[in-house]
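Each chain is listed here by its residues.
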Amino acid sequence: MKTQELISTANALFAGDKGLLAMDESTSTCNKRFAEAGIPQTIEYRRAYRELIVTTPKLGECLSGAILYDETIYQSTKDGVLFIDKLKEAGIIPGIKTDEGTINLAGFPGEKITAGLDGLDDRLAKYYQLGARFAKWRAVITISDTIPTRGAIEANMHTLARYAAMCQQAGIVPIVEPEVLMDGSHTLEKCFEVTRNVQHELFHQLFNQNVDLEALVLKPNMVIPGTDATKHASIDEVANATVTCLLETVPAAVPGIAFLSGGQSPADAAAHLNAMHKLYKGKLPWGLTFSYARAIQQPVMDLWRGKDENVEKAQKMLHFRASLDNAARRGEYTPAMEA
């Protein structure tokens, strides 16, 4: 196992005020977003959109890493340059989504397990040869009156831990993503309870599977009430609940935490991250940054709409949104910056 290389890569992902761009939407998810924006759902339009992203000027000033999808890692610009090489030219570390989506968890109605461990060793070796230096695996936990169950949490976190061990064996830094979904009417307190239980079990499983915590990145949800909750939470309440949960569950050996946006608006995702840095500056054992997908990309896609004449305008929006999240990581973001 390339231990020092892994640790160096993990630390590099948290350099300065930079963060990660999750551009790893599956074909079905990307097509869904395109349909909503009136963009044709073809492989060429997906390629053109991702070319827009990887060729954005000065993107390396904002991002330390970008997570690709299997289709994307093989794609090239119109000039024949692999996207993965364009990212490296910009000083952005290429990563890869390795899970194969969720399936029903046998014996646990309403709950899911993530597929993709079969053949993962071979895929990781291939991705390493292509230049990927970190990977991502997402586990999905839903809150309702009856779930999540203990069995579903244990099964998902064990799978995440096995994936992480396999990544490190292949010389790839694992991002472990235990996402507690925002869907539902649950309270902030219920989200805190479930997220704490999930993260506690995750690190128990990682320890059992001999995963090196210094060569790993956590990509968690923020602690937020459900989208249908009757009681909302303030920016500071979300920031406090999220950091308190992390302090109770995440060992100091972990180099950094990169939040998913999980359906938050771009402004809310930035504001919550900003509040964590303002409230806890200098008090945390690990770095806190962003690993957003829609919270950065949705305004970009809305501007582009599949038209060549909109590329430059969309690229400026991509850089703008990423730079706002950089400001949030410094604790310097304000809503006035959105204008």
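Residues numbered from 1 in each chain as written. Predicted model: local features only at pLDDT ≥ 70, side-chain atom pairs only at ≥ 80, totals over all residues. Heavy atoms only, no water.

## Things to note about the sheet that holds strand β6 (residues 134-141)
Where we set the bar: Two strands are said to pair when DSSP picks up at least two bridges between them. Secondary structure elements are defined from DSSP: runs of H or I of at least 4 residues count as helices, runs of E of at least 2 residues count as strands, and each element is numbered from the N terminus. In this analysis, two residues are considered to be in contact whenever any of their non-hydrogen atoms come within 4.5 Å of each other. Note on method: axes are straight lines fitted to C-alpha atoms, helices fitted across the in-contact stretch only, with angles between N-to-C directions ranging 0 to 180 degrees.
The strand order around the closed barrel formed by 8 strands is β1-β2-β3-β6-β7-β8-β9-β10, and the pairing between neighbours is parallel. Pairing analysis gives 4 bridges linking strand β9 (residues 256-259) to strand β10 (residues 287-292), with the strands arranged parallel. Residue pairing for β10: G256 is matched across the bridge by G287. Relative to strand β7 (residues 173-180), helix α1 (residues 3-12) is tilted by about 50°, and along the sheet it contacts β2 (63-68), β3 (93-97) and β7. Running over the sheet, helix α10 (residues 266-280) touches β9 and β10 and is turned about 175° from β10.

## Some thoughts on the pattern of salt bridges
To be explicit about the condition: Salt-bridge detection follows one rule: a side-chain nitrogen of Lys or Arg within 4 Å of a carboxyl oxygen of Asp or Glu. Each residue is placed in one exposure class: buried if its accessible area under a 1.4 Å probe, protein chains only, is under 20% of its type's maximum, exposed if it is over 50%, and partly exposed if it falls in between.
Enumeration according to the criterion identifies 22 salt bridges in this entry. For E51, the salt bridge is made with R47, and the minimal N-O distance between the two is 2.6 Å. Of this pair, E51 and R47 are both found in helix α3 (residues 43-54), 4 residues apart, which corresponds to roughly one turn of the helix. The same class applies to E51 as to R47, namely buried. The network of salt bridges with shared partners includes D24, K136, R138, E177 and E179.

## As for helix α9 (residues 235-249)
Under the convention used in this document: What a helix should span is 1.5 Å times the count of its residues minus one.
Over its 15 residues, α9 runs 22 Å from end to end, which matches the ideal 21 Å to within 8%, given 1.5 Å per residue. Buried within α9 we find V238, A239, A241, T242, V243, C245, L246 and T249. Summarising the contacts, the buried residues of α9 are in contact with α8 (188-208), β8 (217-218), β9, α10 and β10.

## Observations regarding the side chain of T114
In this structure, T114 sits in strand β5 (residues 112-114). Given a relative accessible area of 6%, T114 falls into the buried group.

## Some thoughts on the packing of helix α2 (residues 27-37) against α3
Counted only if it meets this: Should an angle fall under 35 degrees it is called roughly parallel, over 145 degrees roughly antiparallel, and 65 to 115 degrees roughly perpendicular, with every other angle called oblique. Note on residue categories: nonpolar means Ala, Val, Leu, Ile, Met, Phe, Trp, Tyr, Cys or Pro, charged means Asp, Glu, Lys or Arg, and polar means any other residue, Gly included.
It is at 11 Å that the axes of α2 and α3 come closest, and there the two elements cross at 85°. Overall, the two elements α2 and α3 adopt an arrangement that is roughly perpendicular. In this structure, α2 contributes T27, C30, N31 and F34 to the contact, and α3 contributes Y45, R46, Y49 and R50. Counted by class, the contact of α2 with α3 contains 4 nonpolar, 2 polar and 2 charged residues.

## So, the pairing of β3
Taken across its 5 residues, β3 has 5 buried, putting it largely inside the fold. Looking at chain direction, β2 and β3 are connected through 4 bridges and run parallel. Residue pairing across strands places L68 opposite I96, the latter belonging to β3. Across 3 bridges, β3 lies against β6 in parallel orientation. Note that in β6 the partner of I96 across the bridge is A135.

## Points about the packing of α10 against helix α12 (residues 311-330)
Our working rule: In this scheme the handedness of a crossing depends on how the near helix is turned from the far one: anticlockwise by less than a right angle means left-handed, clockwise means right-handed.
The interhelical angle for the contact between α10 and α12, taken along N-to-C directions, is 25°, at an axis separation of 6 Å. When the interaxial angle is binned, α10 and α12 end up roughly parallel. Every pair of crossing elements has a handedness; the one defined by α10 and α12 is right-handed. Taken together, the residues of α12 that come into contact with α10 (itself represented by P266, A267, A270, L273, N274 and H277) are R321, D325, A327, A328, R329 and R330. Here the contact of α10 with α12 is built from residues that sort into 6 nonpolar, 2 polar and 4 charged.

## A short note on the packing of aromatic side chains
Here is the rule: Between the rings of Phe, Tyr and Trp (Trp by its six-membered ring), a pair exists once the centres lie within 6.5 Å; its type follows the angle of the planes, with under 30 degrees stacked, over 60 edge-to-face, and the other angles tilted. Each ring is checked for a lysine NZ or an arginine CZ that lies within 6 Å of its centre and within 35 degrees of its normal; such an atom marks a charge sitting over the ring.
Scanning all chains against the criterion turns up 6 aromatic pairs. Where F290 meets Y292, the ring centres are 5.6 Å apart and the plane angle is 40°; that geometry is what we call tilted. Judged on exposure class, the residue F290 and its partner Y292 are both buried. An aromatic cluster is defined as three or more aromatic residues linked by ring pairs; in this entry it consists of F34, Y45, Y49 and W304. A cation sits over an aromatic face here: R133 above Y128, 3.7 Å from the ring centre.

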